[in-house]
Amino acid sequence: MNRPHDLITLGRVGVDLYPQQTGVPLAEVETFARSLGGTATNVAVAAARHGLRTAVATGVGDDRFAPYVRTALRRFGVDDSQVVTVTGRQTPVVFCEIHPPDDFPILFYRAPIAPDQCLTCEDLDLAAFTRARMIWITGGGLAVEPSRTTTLEVAALRAPGADTVLDLDWRPSFWARPEDARHWYARALELATVAVGNREEAKVAVGTCDPDKAADLLLAAGVRLAVIKQGPHGVLARTPTEEVVVEPITVRVVNGLGAGDAFGGALAAGLLAGRPLREVVETANAAGALVAGRLACADDMPEPHEVTELLWRNARRQPQDPPLSVPPRAFTLAAHRPRGVSL
């Protein structure tokens, strides 16, 4: 129990209520499936599926959703000892619409301030963050105080060169003044060793959505690895001495939400294992594709054997073939409750 964590993530948790009807607005949805969500939480679950000892530092309300969050984390193999109950706040709930292949509007219920945005350093076991092999912080955590200061102070505790990933994680609705974001992203980049995000997030952080220019600017800002996710155009990863470009894996998209977090968990596992950069990015890319082919986020994070199988199938796919289908996970928490929750 005294062994350091492989990965600690700091950021959001939520209860996802995702439609079981596709291509309709929320007003016309009849049933929703409940699952665990939130960027930092999803990454911790995804990395646990790859065998890492993970924890998530986040907040829940003093409400009836909090026990579900804690139970789900434990069953997914994620340490919940740094999940803080914030009195007077409510555990966030997240709805979305599903319009494959690339339109998934999100509706966050986090107002006026979510429990994870209330975290201070006094709430956390800071020694665990200094001892962990890798920590994962998010741009969303920079949006408000006190989570902004907490995020930066936790990252500053790390030894020079220790693995610290900044997930650019741009959620404009979290920011009272979105124009302030670039300043705080720059502060976080000074403390990070890895930056990962999509083109839109890169534009917020460094002023351009051009993958090539964004990667160079992220490296110039202080990280040693920049990863730009480009959706249907694949992934660009760059260090000062190496560049990897990985083509997308074409799957039948069910819900694109959570795919980036599956990518993140696999990325963390590969980097900590010291694998070649191309192998790391190819594996992360496949993990993201698997979750894009499923409905849920944390509940549907893939196992390594599923990633390997998808890479094998993709290598044999011909250009004229239809998109690959993704099998459902064999076990989720949903398997032990009714399929839908009527609302």
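All values reported here derive from a predicted model rather than from experimental measurement. (Residues numbered from 1 in each chain as written. Predicted model: local features only at pLDDT ≥ 70, side-chain atom pairs only at ≥ 80, totals over all residues. Heavy atoms only, no water.)

Even after reading the chapter, I still don't get the state of the cysteines, so can you show me in this structure?
Under the counting rule described, the total for this entry stands at 0 disulfides. As a non-bridged cysteine, cysteine 118 has cysteine 121 as the owner of its nearest cysteine sulfur, 14 Å distant. Cysteine 297 carries a free sulfur, and the closest cysteine sulfur to it, the one in cysteine 96, is 7.9 Å from it. Taking relative accessible area as the criterion, cysteine 297 reaches 3% and is therefore assigned buried. (Disulfide = S-S within 2.5 Å. Buried < 20%, exposed > 50% of the residue type's maximum accessible area, 1.4 Å probe, protein only.)

How should the packing of aromatic side chains be read in this particular structure?
Aromatic ring pairs are described here by two measures, namely the spacing of the ring centres and the angle between the planes. The full count for this structure, using the stated rule, is 5 aromatic pairs. Look at tryptophan 170 and tryptophan 175: their rings are 5.8 Å apart centre to centre, the planes differ by 40°, and that puts the pair in the tilted class. In terms of burial, tryptophan 170 and tryptophan 175 fall into one category: buried. Between tryptophan 175 and tyrosine 185, the ring centres sit 6.3 Å apart and the planes meet at 25°, which makes this aromatic pair stacked. Taken together, the residues span a long stretch of sequence, with tryptophan 175 in the loop between β10 (163-167) and α5 (181-191) and tyrosine 185 in helix α5 at a distance of 10 residues. Taking the relative accessible area as the measure of exposure, tryptophan 175 reaches 5% and is therefore buried. Among the residues examined, tyrosine 185 registers a relative accessible area of 0% and is labelled buried. Through a chain of ring-to-ring contacts, three or more aromatic side chains come together here, namely Phe32, Phe95 and Tyr109. Its guanidinium or amino end placed over the ring of tyrosine 68, arginine 34 lies 4.0 Å from that ring's centre, counting from NZ or CZ. A cation over an aromatic ring shows up here: arginine 110 above the ring of phenylalanine 174, its NZ or CZ 4.5 Å from the ring centre. (Phe/Tyr/Trp six-rings, centres within 6.5 Å; stacked < 30°, edge-to-face > 60°. Helix = DSSP H or I, 4+ residues; strand = E, 2+ residues; numbered from the N terminus. Lys NZ or Arg CZ within 6 Å of the ring centre and 35° of its normal.)

Where do I start with the environment of proline 112 in this structure?
Within the element layout of this structure, proline 112 appears in the loop between β8 (106-109) and α3 (126-131). Given a relative accessible area of 74%, proline 112 falls into the exposed group.

I tried to follow the pattern of salt bridges on my own but got confused; where do I start?
This model, assessed by the stated rule, comprises 19 salt bridges. For arginine 74, the salt bridge is made with aspartate 80, and the minimal N-O distance between the two is 3.0 Å. Across the pair glutamate 145 and arginine 148 runs a salt bridge whose closest N-O atoms are separated by 3.9 Å. Where salt bridges share partners, they join Arg49, Arg294, Glu303, Glu306 and Arg329 into one cluster. (Salt bridge = Lys/Arg side-chain N within 4 Å of Asp/Glu carboxyl O.)

I keep staring at unusual backbone geometry and nothing clicks. Help me out?
Trans peptide bonds make up the majority, and among non-glycine residues the majority have a negative phi. Cis geometry marks the peptide bond from proline 100 to proline 101; its omega dihedral reads 10°. Here proline 101 lies in the loop between β7 (93-96) and β8. Omega for the bond connecting glutamate 145 with proline 146 falls within 30 degrees of zero, at 5°, which places this linkage in the cis form. By the element assignment, proline 146 lies in the loop between β9 (134-138) and α4 (147-156).

Looking at this structure, I do not really get helix α6 (residues 199-206). What am I missing?
Since the α-helix packs 3.6 residues into each turn, any two residues three or four apart lie on the same face. Those residues of α6 not exposed but buried are Glu201, Ala202, Val204, Ala205 and Val206. In a view along the axis of α6, the buried residues occupy a sector of 165°, so they form one face of it. For α6, the capping residue at the N-terminal end is asparagine 198, with a side-chain oxygen 3.1 Å from the backbone nitrogen of glutamate 200. Once α6 finishes, glycine 207 follows within two positions and takes phi at roughly 90°, a positive value. (Arc of directions from axis to C-beta. Polar contact = N/O pair within 3.5 Å; in protein donor to acceptor, adjacent residues only side chain to side chain.)

I'm lost on the packing of helix α9 (residues 277-292) against helix α10 (residues 304-315) in this one. Help?
Two packed helices can be described by the angle between their axes and the distance between those axes. In contact at an axis separation of 9 Å, α9 and α10 are set at 95° when each is read in the N-to-C sense. What the angle tells us is that α9 and α10 run roughly perpendicular. The residues of α10 that touch α9, namely those facing Glu282, Thr283, Ala286, Ala287, Ala289 and Leu290, are Glu306, Val307, Leu310 and Leu311. Tallied by class, the residues present in the contact of α9 with α10 amount to 7 nonpolar, 1 polar and 2 charged. (Axes fitted to C-alpha atoms, helices over the stretch in contact; angles between N-to-C directions. Parallel < 35°, antiparallel > 145°, perpendicular 65-115°, else oblique. Contact = heavy atoms within 4.5 Å. Nonpolar A, V, L, I, M, F, W, Y, C, P; charged D, E, K, R; others polar.)

Would you mind showing me how to read the nonpolar core here?
Core analysis: the biggest nonpolar cluster contains 57 residues, and Leu7, Leu36, Val69 and Leu310 have the highest contact counts within it. By residue number, the principal contributor to this core is α9, which donates 9 residues. (Core = buried A, V, L, I, M, F, W, Y, C linked by side-chain atoms within 4.5 Å.)

Looking at this structure, how should I read the pairing of strand β2 (residues 14-19)?
On a regular strand, one side chain projects to one face of the sheet and the next to the other, so that they alternate. For β2, the buried fraction is high: 6 of the 6 residues fall into the buried class. Residues of β2 alternate between two faces, with Gly14, Asp16 and Tyr18 on one and Val15, Leu17 and Pro19 on the opposite face, all of them buried. Here 6 bridges tie β2 to strand β3 (residues 31-37), and the two strands are oriented antiparallel to one another. The residue of β3 that forms the bridge with aspartate 16 is serine 35. (Pairing = 2+ DSSP bridges.)

When you look at helix α8 (residues 259-272) in this model, what are you seeing that I'm missing?
If you check α8, its first and last C-alpha atoms are 20 Å apart, about what 14 residues at 1.5 Å a residue would give, namely 20 Å. Counting buried residues in α8 gives 12 out of 14 residues, a clear majority hidden from the surface. For α8, the set of buried residues is Ala259, Asp261, Ala262, Phe263, Gly264, Gly265, Ala266, Leu267, Ala268, Ala269, Gly270 and Leu272. The first or second residue beyond α8 is glycine 274, which carries a positive phi of 75°. (Expected span 1.5 Å × (residues − 1).)

What exactly am I supposed to notice about the packing of α6 against helix α7 (residues 211-221) here?
Between α6 and α7, the shortest axis-to-axis distance is 10 Å and the interhelical angle comes to 45°. If you check the angle between α6 and α7, you find them oblique. Regarding α6 and α7, the two cross each other, and that crossing is left-handed. Facing α6, whose interface residues are Arg199, Ala202 and Val206, α7 presents Pro211, Ala214, Leu217 and Leu218. (Left-handed = near helix turned anticlockwise from the far one by under 90°.)

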